[in-house]
Amino acid sequence: MTIREYRMIHKPYWRRTTPVLTATLLAGTTPALAQTMALEPLVVTTSSMDTPYEVTSDPRKPHASLPAQDGGAYLESVTGFNVSRKGGTSGEPVLRGLGGSRLNISASGGAIPGGCPSRMDPPTAYIFPQSYDRIEITKGPQSVRYGPATAGSVRFERDAPDFTAATTRGFASFTAGSHARNDMATDITTGDDSGYARFIGTLSSQDDYEDGGGDTVHSAHERWSTSAIAGWTTGDDTEVEFSYDRSNAEAAYDDRGMDGTDFDRTSYRLSGTQENLTSWLKRVEASAYYNNVDHVMDNFRLRDPGQMAMARIVERTTLGGRLAADMALFSGMDVHAGMDFATNEHADSGPLMGMGNPLAGARFRNAPTPDTAEFSDLGVFADMEQPISDTSWLTLGLRGDYHEAEALEADFGDANRGQSDHRTQWSGFGRYEVALQELPVTLYTGLGRSERAPDFWERERDFGIGNETLTQADVGLTMDHRRVQGTVALFYGWYDDYILITNQGDSARNVDAVTRGLEADVTVTLTPSLSLSSSLAWTRSTNDTDNEPLAQTPPLEGTLGLDYEQAGYTAGIQWRGVARQDRVDEGSGTIYSLDTRETPGFATVSLHGGMQLFERTRLSAGIDNVFDREYAEHIQKGTADLGASSEPINEPGRILWANLTTEF
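About the criteria used
- Residues numbered from 1 in each chain as written.
- Predicted model: local features only at pLDDT ≥ 70, side-chain atom pairs only at ≥ 80, totals over all residues.
- Heavy atoms only, no water.
- Helix = DSSP H or I, 4+ residues; strand = E, 2+ residues; numbered from the N terminus.
- Buried < 20%, exposed > 50% of the residue type's maximum accessible area, 1.4 Å probe, protein only.
- Areas by Shrake-Rupley, 256 points an atom, 1.4 Å probe, with all protein chains shown as cover.
- Salt bridge = Lys/Arg side-chain N within 4 Å of Asp/Glu carboxyl O.
- Contact = heavy atoms within 4.5 Å.
- Core = buried A, V, L, I, M, F, W, Y, C linked by side-chain atoms within 4.5 Å.
- Pairing = 2+ DSSP bridges.
- Polar contact = N/O pair within 3.5 Å; in protein donor to acceptor, adjacent residues only side chain to side chain.
- Phe/Tyr/Trp six-rings, centres within 6.5 Å; stacked < 30°, edge-to-face > 60°.

Digging into the overall build of the chain
Assigned secondary structure in the chain consists of five helices and 34 strands. In the chain, which comprises 664 residues, the share counted as buried stands at 56%. Accessible surface for the chain amounts to roughly 26200 Å². Of this, 56% is attributable to carbon and sulfur atoms.

In structure tokens form, the structure reads like this:
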């Protein structure tokens, strides 16, 4: 069995059965209609859920809105996600009101924890979506493979190419838009059946944007990334791959007194897979990675510093790896088990100040960056999938993590220099799924538990703060009818020792809380060329300890879209509505945002269209915020320092954009 064949068949049970159900349903339609119904859309309005708890998305497929310039902006199109805006880029992604370390984010299997004490650089700040082949999202504690996952996990992945003969192929994308938006991405791969070489490059830039009221928001940015990958296939069952990633950026931030003027990332990764070792040991994978983040913030390169030039340098170096295996221990049972580890060290120059000429601050690059804290994590996990009948199956998972933190400077979260803390966390889940025989519906119910240790930002406020545990029940359904496709998910969870940031961001403490919510994605095929899509996301969370709303909970929101596709031409309109949020706890929140105010509801409309120019070349264009509405999202730090006419950071006004994508 080749590696490519293994990838095609080794899928969760529901993925193997859904195509059969779909084919059965389509058999009763006309051949032309069946072909139309089976095709994926040319333009993606939103990244819809594959199941109520899982999403797989192609970041290179044309979207109905302005192509995303970083990982956070891309996730904003997925139901249940919000982004905490800072400026024009590097926003913090939030799932069901949970972000930061509650949402595990990895790039090609490696963690990028970021280093800025003020969260200028979340992991997605170092990710350009179109440099990856797919994005995989697991919602809630429904997996143990990728670390403790309170909110879930997001994996930006690249696929190894499969060549049977000498071949060169590529991808290129160009985007232009309002406010001098300019994006370019290219991916060229060459190889044969013995190996391959791949080069990926991206560039993105934009000037300050204007909000719907005509006010300029301090938000200009420029980003670039390069990746070089080499792989060797030493037979049908063996692959080895080495990759090198380098990127940098600068970004103006309207919500604080300094800008991010360096987001310098260097990454190396070595991985290997071996398949068909024995009749029961189907696959073994191993990987090791190194990530270094060198981040600089200052107030003189992208703005006028006034009388005082300020700068700060932070670094974070992460070493990690993973060893896992797929096994068939018993008849019909698939087992995936392994271990992962990561160790990272944080260093910080502290505030650097210079009077008079702000350019004197350029000497800050020679300033020492003493170590602040060191963290290490070792996890062991296993999950198994067992069919119960031809139409039902059970999935179970268990994970144990050993966490160690050490303060390397005096008074880090009130800890002494050299003080360490050791903890063990347990996570697990169980899920039962059944495909109804008489209806094109799959039902599931699950119970999950995720326990995580406090992260750098939480320990900086209180080194000894307790672990956070979420226990959550989920139920949902997937429908795959020839005219109606979609998913619906309901969840209810209770937190033991939720880590709440308080006192205007200066303190942290544990509270008990509950959360519940609903998410839905539904598409109705009206005619072979016309479809109606909709989504809904609602979360309500309460701090039981203080009898207050849990801070930084997003409001109810929904979308409604009408899309036309015929003979390579597409057109569509999308409406997005967000309700008022008056359940706030002012001065409390998370490591990236605080509640500062109630927020009014709003609605926006966007238009998009496209055409297939050639067999592999597509032109897309659109208008976002057609009516130039002035509005701000609820999830944000909410204290604008520059440009904006009101306290919250408003979203962009009307934006015109066009994108040209080609494959060769």
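Here we look at the pattern of salt bridges
On inspection of all chains with the given rule, the structure shows 38 salt bridges. Between Asp133 and Arg60 there is a salt bridge, and its shortest N-O distance comes to 3.9 Å. Residue Asp133 is found in the loop between strand S6 (110-111) and strand S7 (134-139), and its partner Arg60 is found in the loop between strand S1 (54-57) and helix H4 (71-75); the two are separated by 73 residues along the sequence. As far as burial versus exposure is concerned, Asp133 and Arg60 are alike and both buried. Residue Asp187 is joined to Arg60 by a salt bridge in which the shortest nitrogen-to-oxygen separation is 2.6 Å. Taken together, the residues span a long stretch of sequence, with Asp187 in strand S10 (residues 181-192) and Arg60 in the loop between S1 and H4 at a distance of 127 residues. The same class applies to Asp187 and to Arg60, which are both buried. Salt bridges linked by common partners bring Arg60, Asp133, Asp187 and Arg198 together as one network.

Structural notes on the environment of Gly609
Positionally, Gly609 belongs in strand S32 (residues 602-614). For the pair Gly609 and Ala571, spaced 38 residues apart in sequence, the C-alpha to C-alpha distance is 4.0 Å. When sequence neighbours within four positions are dropped, the list of residues in contact with Gly609 reads Thr570, Ala571, Leu619, Ser620 and Ala621.

Some thoughts on the nonpolar core
Phe81, Leu103, Ile135, Ile137, Val154, Phe156 and Tyr498 are the most contacted members of the largest nonpolar core, which has 39 residues in total. Elements with a contribution of two residues or more to this core: H4, strand S5 (103-107), S7, strand S8 (152-157), strand S15 (238-251), strand S17 (281-298), strand S26 (484-502) and strand S27 (507-527). For Leu103, the residues in contact, after removing those within four places along its chain, are Phe81, Pro93, Leu95, Leu98, Ala151, Gly152, Ser153 and Val154. Ranked by size, the runner-up nonpolar core spans 18 residues in total, among them Ala373, Trp457, Ile465 and Ile501.

What about the pairing of strand S21 (residues 371-389)?
As a general feature of sheets, a regular strand has side chains that alternate between the two faces. Both strand S19 (residues 334-348) and S21 contribute to a ladder of 14 bridges, which runs antiparallel. Bridge pairing in S21 places Thr343 opposite Ser376. Across 16 bridges, the pairing between S21 and strand S22 (residues 392-407) is antiparallel. Considered in S22, the bridge of Asp383 is made with Gly397.

Details of the sheet that holds S5
Each strand in a sheet pairs with another by means of backbone hydrogen bonds, the pair being arranged parallel or else antiparallel. Pairing is mixed in the open sheet, where five strands are placed in the order S1-S7-S8-S5-S6. Unpaired on one side and paired on the other, S1 and S6 mark the two borders of the sheet. Two elements, S1 and S7, share four bridges in a ladder whose sense is antiparallel. Bridged to Val55 within S7 is Ile137.

Details of the side chain of Lys86
Positionally, Lys86 belongs in the loop between strand S2 (81-84) and strand S3 (92-95). With relative accessibility at 2%, the residue Lys86 sits in the buried group. Within the structure, the side chain of Lys86 is placed 3.0 Å from the backbone oxygen of Ser90, a separation counted as a polar contact. Beyond its immediate sequence surroundings of up to four residues, Lys86 is in contact with Gly91, Glu92, Arg119, Met120, Pro122, Tyr253, Asp254, Asp255, Arg256 and Ile649.

Some points on the sheet that holds S2
One open sheet accounts for three strands, arranged S2-S3-S4; its pairing is antiparallel. The strands lining the two open edges of the sheet, one partner per strand, are S2 and strand S4 (98-99). As defined by bridge partners, S3 adjoins S4 across two bridges and the pair is classed as antiparallel. Bridge pairing links Leu95 to Leu98 in S4.

Things to note about the packing of aromatic side chains
Inspection of every chain in the model, using the stated rule, returns 13 aromatic pairs. With 5.5 Å between their ring centres and 35 degrees between their planes, Phe412 and Phe456 make a pair best called tilted. Placement of the pair is Phe412 in the loop between S22 and strand S23 (420-435) and Phe456 in helix H5 (residues 456-461), with a sequence separation of 44 residues. Overall, the relative accessible area of 1% leaves Phe412 in the buried class.

Considerations on the environment of Arg145
Secondary-structure assignment places Arg145 in the loop between S7 and S8. In this structure the C-alpha to C-alpha distance between Arg145 and Asp340, which are 195 residues apart in sequence, comes to 8.9 Å. Excluding residues that lie within four positions of it along the chain, Arg145 makes contacts with Arg322, His336, Asp340, Phe381, Asp383 and Arg399. In terms of polar contacts, Arg145 uses its side chain to reach the side chain of Asp383, at 2.7 Å.

Here's the deal with the pairing of S8
Across the six residues of S8, six count as buried, placing the element largely inside the fold. Of the two faces of S8, the one holding Gly152, Val154 and Phe156 and the one holding Ser153, Arg155 and Glu157 are both buried throughout. Judged from the five bridges that link them, S5 and S8 form a sheet pairing that is parallel. Bridging from a neighbouring strand, Ile105 pairs with Val154 of S8. Of the pairings in the sheet, the one linking S7 to S8 comprises six bridges and is antiparallel in character.

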